[in-house]
Each structure stands twice: as C-alpha cells, then as structure tokens.
Amino acid sequence: MKKADIIAGIIGILIGTYAIVEGTRMPTDAIMKIGPSFFPILLASFLILFSVILILNAFLGRSKGEVTPWNIADKGVQRGLITLIAGTVYCVLMAPLGFIISSILFLVYMMWMLGNRKPLTLATAPPIITISTWLLFEKVLNLSLPPGLLENLI
Amino acid sequence: MDFNWDLLISSYAAVFNFDILLMIVIGTTAGIAGGALPGLTATMGIALLVPLTFGRPPVESIAMLMGIYCGAMYGGAISAILIRTPGTPAAAATVMEGYPMARRGEAGRAMAMALFASFFGGVFGALVMTFASPIISSFALEFGPVEYFALAIFGLSVVVSISGRSLIKGMMAAFFGLLICTMGFDPISGFPRYTFGLVEMMEGPPFIPTLIGLFAVAEVFNEVQKSGQVKQIKAKLDQYLPSWSDIKYCFKELIRSSVIGSFMGAIPGVGCDIAAFIAYGEAKRASKRPEEYGNGAIEGLAASECANNACSCGSMIPLLSLGVPGDAATAVLLGAFVIQGLQPGPMMYKDNIDIVYQILASIMLAQFAMQIIGMAGIQLFARVVLVDRKILTPTIFVLCMVGAYAMRSNIFDVYTTLFFGITGYMMMRYDFPLSPILLAMILGPMAEANLRRAMVISSGDPAILVSRPLAVILMVLAVLSMIFAVRGHRKVEARLAALGEQLANITEGEDEEGEEEKED
C-alpha cells in the first residue's frame, strides 16, 4: 500500500499543480476581487495538501489497507487488461462501424475471452442483446445510436 | 402548521395515471432485477437505468426512478438469501440470517419475509416522509447565495462520512471531484477553464457519462477479474407471503426497525447500509435468543430488510429538502433529478411542493408495486441471480456506452465514460472512495456560483459569509458533522471489521462443504 499511496499522492500533486499553473493564466477580476481562478486554485491547494499528507503517512508507515500487487501472470489481471483494451477499441470503433456491428463484435469477443466457448451462445446471444438494445433506444425511447456502416440500411 | 390534505390527495390522484403507473411498474421490475443481479449494485443499476428516463416528462421519470430505487433495495435481498452475495451494501446484514435460512431449506420463507419486511418498512418510511414534509416546508426560508454556499459546504462535509476507510483519500477524491467541476465556463464571468481546447468541454464534463463511468464501467473492469461460478441454493420457492405466525413473531422488530430506518435515513449522510446494521444490531440486543442470530433468525432478516427500505424512504427527506444525499445510490438519484431539471433543495419545498408530494406518492405506490411484482415474479427473480456473468458483464459494458451516448448523441461522451471508468477502476483498486467525487460534482458548482454571487453582492468582502444566521448555523453544523464523523469513523471501522469476520465465518463453514468455488 505504501508505494501505491506515494504514487497516488504524486498524481494528486501533479493534478493540483497543473490546475494552479493554468489558474494563474486566467484573467483577474478587479471589481469582485475573486475571479475565475479563485475557486480552482483554492481547491487545487487543498488537493496538494491532502496528497502531501498521504505521502507523509506512507513514509511514516501509517498507510491503511492492503493492495494485491499487479501480477501479469495472474489470470484475473490479464482479463482486466484485455477488457480495458477491448473496451477502448470498442469505443473508438463505435462511430465508424456503428453501434450494431461494433457491439456484436465486442460481445462475441468478450464472451469468448471470459470463457464462454459454446458456438450456439456465441452466435445467438450477442445479436439478440445488441438488436434488442438498439430497438429499445431507437424505437421506444427515440434516442439515436451511431448507425455507422449500416446508415443506409436502418 | 396545517396539513394540506387537498394538496396531498390531488398529488396522489395525479400519480394515478396510466403512464405514471406503468413507469412505476417498469422501474420497480427493473430495480428488483437489477438489485438481484450479482455484480450489479443498486447504485450501478440506477446509473444504468437513468438514460431510460431521458425522453420522459419529469413526473414520469421520477416515478420510474423511485420504482428502481425501492425495487433495487428489495432486490438486493434476493441474491443475499440465495447466493450469499448482498446485491446492495444495505443487504449485507440480510446475508447473515437469510443465507443460513436458505441452507435450512427455508428459502421461500426467507424470501417472503424479506419482501414483506421491505414493503412494511417502505410504507412506514413513506408515511413518515409525507407527514414530515410540511414541517420542512415551513423551514424553507428565504435562501440567498450565502445560505446556499453554506448548504453546499454542509453537504460536502458529509464526504467524511461516506469516504470509506481512509479520510485522507476521501478528501482527495472530494477535492479532485470539485476540481473536475470547475472545468468549463466560469459561472460568473463565462471564462472557459481547463477545457484543453475542446468544444465539448465548454460546459464542463458531462454529468451522466461521468457517473456511468465511475459507478458502472469501473465495476465492470473489477468484475471481469473475478471468476468462478456461484452456486445457488436449490430451494422450492412456494411461499409468497409470510405466515401469520411469522408476522406476529416479527412484528415488534418490524415496528422498531421501521422507526430506526426512517430516522436514520432522515439524517444527512447516513446511508441505508448503516441503518440496516443498526436495526439488526438492536434486534439482536433486544432478542431473548440472541444466540440464534447468525444461524437464520427470521426476525434479524426482517429487521435488516425493513430498516433498509424505511431508510431509503427516509433518506428522501434530506435529499429533497437540502439536496444532500445519504449514500452513493441517493447521490446518483440526485444527479438524475438534476438531469430532469429539478434542483432538490429548500426552494423545491417552497416552489414545487406539488412535485415533492408526487414523489412521495410515487414512492408509496412503488412499495405496493414491489410487493405485488415481488410475489408474482419470485420464481423469475430467483433465476435472475443465476444469469451467466460471462454474458452479463460485457452486456453491462455495452449498456453503459449506450447510456452515455444516448443523451447528447455525441461520441465524446462515450470517451468520457471510458476515461472515468478507467479512473474509477484505478481509484477503487487503491482504496479511494468514489462517492465523494459524485457529491462534489453535484455540490461544487452550487458552492462556487453562490460564493461568487455573494462576493459580488458584498463587493468582495468575505464578511458577508458570516452575516446571515442560517448560513452560520449550517457552517457550524458542517464543522460538527466533520468532527463527529471523524470520531465515529473508528467505531464504524471496528464494527465493519467485526462484521467482515462474521461473514468470513459463514463463508468458511460453507467452503468446507465444497459448495462454492471462489477465486478472487
């Protein structure tokens, strides 16, 4: 936990510092005394303060909790990382390919990856889930989803 | 003060409309199913279902949200009883009695009692809430910028009580959340801040995508790491209502837990999980046979379920009157209200008391819907618990992205959801609480805009902040709530540790029989 707390503290300090540096470039307000930068700079200062306390606590051995370290050999960690990458690819492809195609591909891949290898389920579940979601949003709720490649068909 | 019966009756009458009743039924059904699905918490369920309410008029969507909220509270008990996984944190105490009962072959009895206790607590809480409203509305004084600023500070002080194990991390999460909501146009001068040159960021980070990212996508990343199948207890669910002798036996607990639940709910910052535990603890203390607790004491189950539903109604009081949520689920609900153009807070009781009554009426009807749907669908909901996670988890991810995209039809919102999903997952992994971010995103803009407005009024003199008595009271309350929360924190931690051990004991006993494979 100690190392994790120190890294988290450093990230907090970096975010706070960025907010303050950007804040100083904002225009000041002569009449109201406090301009657009007042609130963010105040908040960023507190963020830095608590980040420093977190780091100090870590050095003083007062970190709480346990964190299992990242272990790439661990199946769970691998699944987590693969999901993260697959999810990102899915989001990027959603606009060009369209909701229906990208979702079916994503669902098939994810189900297969999580260990569902039954051909029948892989062939039926993703299209059923995708198309019923599409119908619910497009037809019942009148909210549009990205059509992508199927733009002329649907 | 006089109770306005006419308004109450007309508000109830307004809710008896086909569209609204339908929304309550849909919401309650979705809520029970969502609460029962393992790996889908009530908070996550609400966040996922909020997009379904976008296109609906406010009263209909709020009716649906109330249905989801109340349904999910009961739904959590189903997975607690059948697979020893509380669907909501508030159902954790239910596991301790419900699961041993199910193992004894009394799953039907436990489910019937859980449903009835939820219904009883819910109706009790809704009544308390209805009759407490005029008292609150008489408090709806002239709220100016200074009071609003103080109210936001008070709401933020609640952060401490919802920040989980580490206060420092809770504070960091809150200030991170507050910083996030300073992105976009400055509320007074209109200067664009921290937009990274993106047009989409001009109005700040979109709320619903952020919420879905933090509370649903993050959970998906967490969920795929677990593997193994949960085994359900095979049981005949042939009981729809608890027997008369069970009701008589638990009646004292039902009343006591309803009172505890409603009262705890009305305190800002006290979540339903805490209420359920206190009610459960009190039931055990008052019991003549405390040794039965932990081995399937039906009155313990009744106490826990009754209190968490009473609390979910009671927590509407601070939510609607102050705009301060008690836990993550109500915080998401608050966000959903804001999306519908309703700003809960003192002004709502002053200007929109009719909507307040309609919300109360919806909650009351949602309890009846819950009892009826819960009885009718008991076999179905018991099966929901068994849905294959290999299909469910990726589907939730798809639904998250759809929900994020649907509101503005903008792919940028999908990326925002993904970003906050990853951020939320990393934060969860390293023990940072997520609810303070949400609370900060709701209360932050209110705090800043009103602070700045107050400063404009006083031409920059900060003394204005202590010039109004109500504002001073709120700030003092904020400080007091911080102090009490810090002091209470250790006690809560000790209690949680004790509970964790108890749960572990139940689990161990089970694992010896080799009924469950779990490899987190």
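Every value quoted in this text rests on a predicted model; they were computed, and no experiment measured them.

*Asks:* Just checking my understanding: could you explain the overall build of chain B for this structure?
*Replies:* Summing up its helical and strand segments, chain B has 21 helices and two strands in all. Here chain B holds 520 residues, and 63% of them are scored as buried. Restricting to contacts in chain B with at least 6 residues of sequence separation, those with at least 24 account for 81%. Counting every atom, chain B has about 19,000 Å² of accessible surface; 64% of that belongs to carbon and sulfur.

*Asks:* I would appreciate a short explanation of the overall build of chain A in the present structure.
*Replies:* Regarding its fold elements, chain A presents five helices and zero strands. Each helix and strand of chain A, placed in order from N terminus to C terminus, yields the pattern α-α-α-α-α. Relative to its length of 154 residues, chain A is extended, with a C-alpha radius of gyration of 24 Å against a globular reference of 15 Å. Projected onto its principal axes, the C-alpha positions of chain A cover 60 × 50 × 25 Å. Carbon and sulfur atoms form 71% of the exposed surface of chain A, whose accessible area is close to 8,500 Å². Here chain A contributes 11 positive and 7 negative side-chain charges, whose respective centroids are spaced 10 Å apart.

*Asks:* Please explain the interface of chain B and chain A as it appears in this structure.
*Replies:* The interface of chain B with chain A comprises 59 residues on the first partner and 69 residues on the second. When chain B packs against chain A, close to 5,600 Å² is buried across both sides, 78% of that on carbon and sulfur atoms. Applying the counting rule to chain B against chain A returns one salt bridge. Among the ionic pairs, Lys169 of chain B bridges to Asp5 of chain A, the shortest N-O distance being 2.9 Å.

*Asks:* Could you clarify how one ought to interpret the packing of aromatic side chains in this entry?
*Replies:* Aromatic ring pairs are described here by two measures, namely the spacing of the ring centres and the angle between the planes. Counting across every chain of the model gives 17 aromatic pairs over all chains. Ring centres 6.5 Å apart and planes at 40° place the aromatic pair Tyr109 of chain A and Trp112 of chain A in the tilted group. One end of the pair is Tyr109 of chain A and the other is Trp112 of chain A, both in helix α4 (residues 99-113) and three residues apart, which spans about a single turn. For Trp112 of chain A, a relative accessible area of 42% corresponds to the partly exposed category. Counting every residue linked through ring pairs, the aromatic cluster contains Tyr90 and Phe106 of chain A together with Phe221, Phe397 and Tyr425 of chain B. Above the plane of the ring of Trp112 of chain A lies Arg117 of chain A, whose end atom (NZ or CZ) is 4.2 Å from the centre. Stacked on the ring of Phe432 of chain B, the Lys or Arg Lys169 of chain B has its end atom at 5.1 Å from the ring centre.

*Asks:* Please explain α4 of chain A as it appears in this structure.
*Replies:* In a regular helix each residue adds 1.5 Å, so 15 residues correspond to 21 Å; α4 of chain A covers 21 Å between its end C-alpha atoms and thus fits that length. Of all the positions in α4 of chain A, only Phe99, Ile100, Ser102, Ser103, Phe106, Leu107, Met110, Met111 and Met113 of chain A are classed as buried. Buried-residue contacts for α4 of chain A involve α3 (75-97) and α5 (119-140) of chain A together with α18 (389-406) of chain B. Positive phi shows up at Gly115 of chain A, right after α4 of chain A, with a value of about 110°.

*Asks:* I would appreciate a short explanation of the side chain of Thr417 of chain B in the present structure.
*Replies:* Position of Thr417 of chain B relative to the elements: it lies in helix α19 (residues 411-429). Only 2.8 Å separates the side chain of Thr417 of chain B from the backbone oxygen of Asp413 of chain B, close enough to count as a polar contact.

*Asks:* Honestly, a nonpolar patch on the surface in this entry has me stumped. Any pointers?
*Replies:* All names here are of chain B. A cluster of nonpolar side chains, Val466, Val472, Ile473, Val476, Leu477, Val479, Leu480, Ile483 and Phe484, forms an exposed patch at the surface whose accessible area comes to about 780 Å². Summarising the element assignment, Leu477 is placed in helix α21 (residues 469-512). The class of Leu477 is partly exposed, set by a relative accessible area of 37%.

*Asks:* Even after reading the chapter, I still don't get the packing of helix α5 (residues 92-103) of chain B against helix α11 (residues 272-286) of chain B, so can you show me in this structure?
*Replies:* For any two helices packed against each other, the geometry is given by the interaxial angle and the distance between the axes. All names here are of chain B. One can describe the packing of α5 onto α11 by two numbers: an axis separation of 8 Å at closest approach and a directional angle of 45°. Here α5 lies oblique to α11, going by the angle between them. Together, Ala92, Ala93, Met96 and Glu97 of α5 and Ala276, Phe277 and Tyr280 of α11 make up the contact between the two elements. Looking at the contact of α5 with α11 residue by residue, the class counts come to six nonpolar, no polar and one charged.

*Asks:* Whenever I open this one, the nonpolar core confuses me. Can you help?
*Replies:* Soluble globular proteins tend to bury their nonpolar side chains together. Residues and elements named next belong to chain B. Counting residues in each nonpolar core, the largest one holds 203 residues, and the members touching the most others are Ile46, Ile78, Met316, Leu320, Phe337, Phe397 and Met401. Ranked by the residues each element gives to this core, the list is headed by helix α4 (residues 58-83), at 15 residues. The next biggest cluster of nonpolar side chains, apart from the first, holds nine residues, and it includes Ala92, Ala93, Phe277 and Tyr293.

*Asks:* Would you mind going over the state of the cysteines with me for this structure?
*Replies:* Defined simply, a disulfide is a covalent bond joining two cysteines at their sulfur atoms. Residues and elements named next belong to chain B. Scanning the model with the defined rule gives zero disulfides over all chains in all. Unpaired in this structure, Cys313 has its nearest cysteine sulfur neighbour in Cys70, at a distance of 5.1 Å. Of the residues examined, Cys313 reaches a relative accessible area of 0% and is grouped as buried.

*Asks:* Sorry if this is basic, but what is going on with the pattern of salt bridges here?
*Replies:* Charged atoms that come close allow side chains of opposite charge to pair. For the coordinates displayed, the defined rule picks out 14 salt bridges over all chains. Between Arg25 of chain A and Glu22 of chain A there is a salt bridge, with its nearest N and O atoms 2.9 Å apart.

*Asks:* Explanation requested: the side chain of Ser79 of chain B in the structure shown.
*Replies:* All names here are of chain B. Along the chain, Ser79 turns up in helix α4. Relative accessible area serves as the criterion here: at 1%, Ser79 is assigned to the buried category. Sequence-distant contacts of Ser79, defined by excluding residues within four places in its chain, comprise Gly35, Ala36, Arg84, Thr85, Pro86, Gly87 and Val385.

*Asks:* How should unusual backbone geometry be read in this particular structure?
*Replies:* Note: most residues except glycine have negative phi, and most peptide bonds are trans. Residue and element names in this part refer to chain B. Positive phi is not limited to glycine here, since Ser409 has a value of about 50°. Relative to the helices and strands, Ser409 resides in the loop between α18 and α19. A residue is classified by how much of its surface remains accessible, and Ser409, at 35% relative accessible area, is partly exposed. Residues other than glycine seldom take positive phi values, yet Asp431 does so here, at roughly 70°. Relative to the assigned elements, Asp431 resides in the loop between α19 and α20 (435-457).

*Asks:* Looking at this structure, how should I read helix α1 (residues 5-15) of chain B?
*Replies:* Quick reminder: α-helices carry 3.6 residues per turn. Residues three or four places apart thus point the same way. Residue and element names in this part refer to chain B. Within α1, the full set of buried residues consists of Leu8, Ser11, Tyr12 and Val15. For α1, the angular spread of buried residues about the axis comes to 100°, placing them on one side. The outward face of α1, more than 90 degrees from its buried face, is lined by the exposed residues Asp6 and Ile9.

*Asks:* Even after reading the chapter, I still don't get the environment of Phe191 of chain B, so can you show me in this structure?
*Replies:* Within the secondary structure layout, Phe191 of chain B lies in the loop between β1 (184-185) and β2 (192-193). Exposure remark for Phe191 of chain B: the relative accessible area of 28% places this residue in the partly exposed category. In the structure, Phe191 of chain B is positioned 146 residues away from Phe337 of chain B in sequence and 27 Å away in space, judged by C-alpha atoms. When neighbours within four sequence positions are excluded, Phe191 of chain B is seen to be in contact with Met26, Pro27 and Pro36 of chain A together with Gly184, Phe185 and Asp186 of chain B.

*Asks:* I'm lost on the packing of α4 of chain B against helix α16 (residues 353-376) of chain B in this one. Help?
*Replies:* Residue and element names in this part refer to chain B. Running from N to C, α4 and α16 cross one another at 45°; their axes reach a closest spacing of 8 Å. One finds that α4 runs oblique with respect to α16. Crossing angle aside, the handedness with which α4 passes α16 is right-handed. Here α4 contributes Val59, Ile62, Ala63, Met66, Gly67, Cys70 and Tyr74 to the contact with α16, which in turn contributes Gln358, Ile359, Ser362, Ile363, Ala366, Gln367, Met370 and Gly374. Partitioning the contact of α4 with α16 into residue classes produces ten nonpolar, five polar and no charged.

Rules behind the numbers
Residues numbered from 1 in each chain as written. Chains lettered and ligands numbered in written order. Predicted model: local features only at pLDDT ≥ 70, side-chain atom pairs only at ≥ 80, totals over all residues. Heavy atoms only, no water. Helix = DSSP H or I, 4+ residues; strand = E, 2+ residues; numbered from the N terminus. Buried < 20%, exposed > 50% of the residue type's maximum accessible area, 1.4 Å probe, protein only. Contact = heavy atoms within 4.5 Å. Areas by Shrake-Rupley, 256 points an atom, 1.4 Å probe, with all protein chains shown as cover. Rg over C-alpha atoms; globule rule 2.2 N^0.38 Å. Lys, Arg positive; Asp, Glu negative; His and termini not counted. Charge placed at Lys NZ, Arg CZ, Asp CG, Glu CD. Buried area = accessible area lost by both parts, 1.4 Å probe. Salt bridge = Lys/Arg side-chain N within 4 Å of Asp/Glu carboxyl O. Phe/Tyr/Trp six-rings, centres within 6.5 Å; stacked < 30°, edge-to-face > 60°. Lys NZ or Arg CZ within 6 Å of the ring centre and 35° of its normal. Expected span 1.5 Å × (residues − 1). Polar contact = N/O pair within 3.5 Å; in protein donor to acceptor, adjacent residues only side chain to side chain. Patch = residues over 30% accessible without salt bridge, like charges linked within 9 Å, V, L, I, M, F, W, Y side chains within 5 Å. Axes fitted to C-alpha atoms, helices over the stretch in contact; angles between N-to-C directions. Parallel < 35°, antiparallel > 145°, perpendicular 65-115°, else oblique. Nonpolar A, V, L, I, M, F, W, Y, C, P; charged D, E, K, R; others polar. Core = buried A, V, L, I, M, F, W, Y, C linked by side-chain atoms within 4.5 Å. Disulfide = S-S within 2.5 Å. Arc of directions from axis to C-beta. Left-handed = near helix turned anticlockwise from the far one by under 90°.

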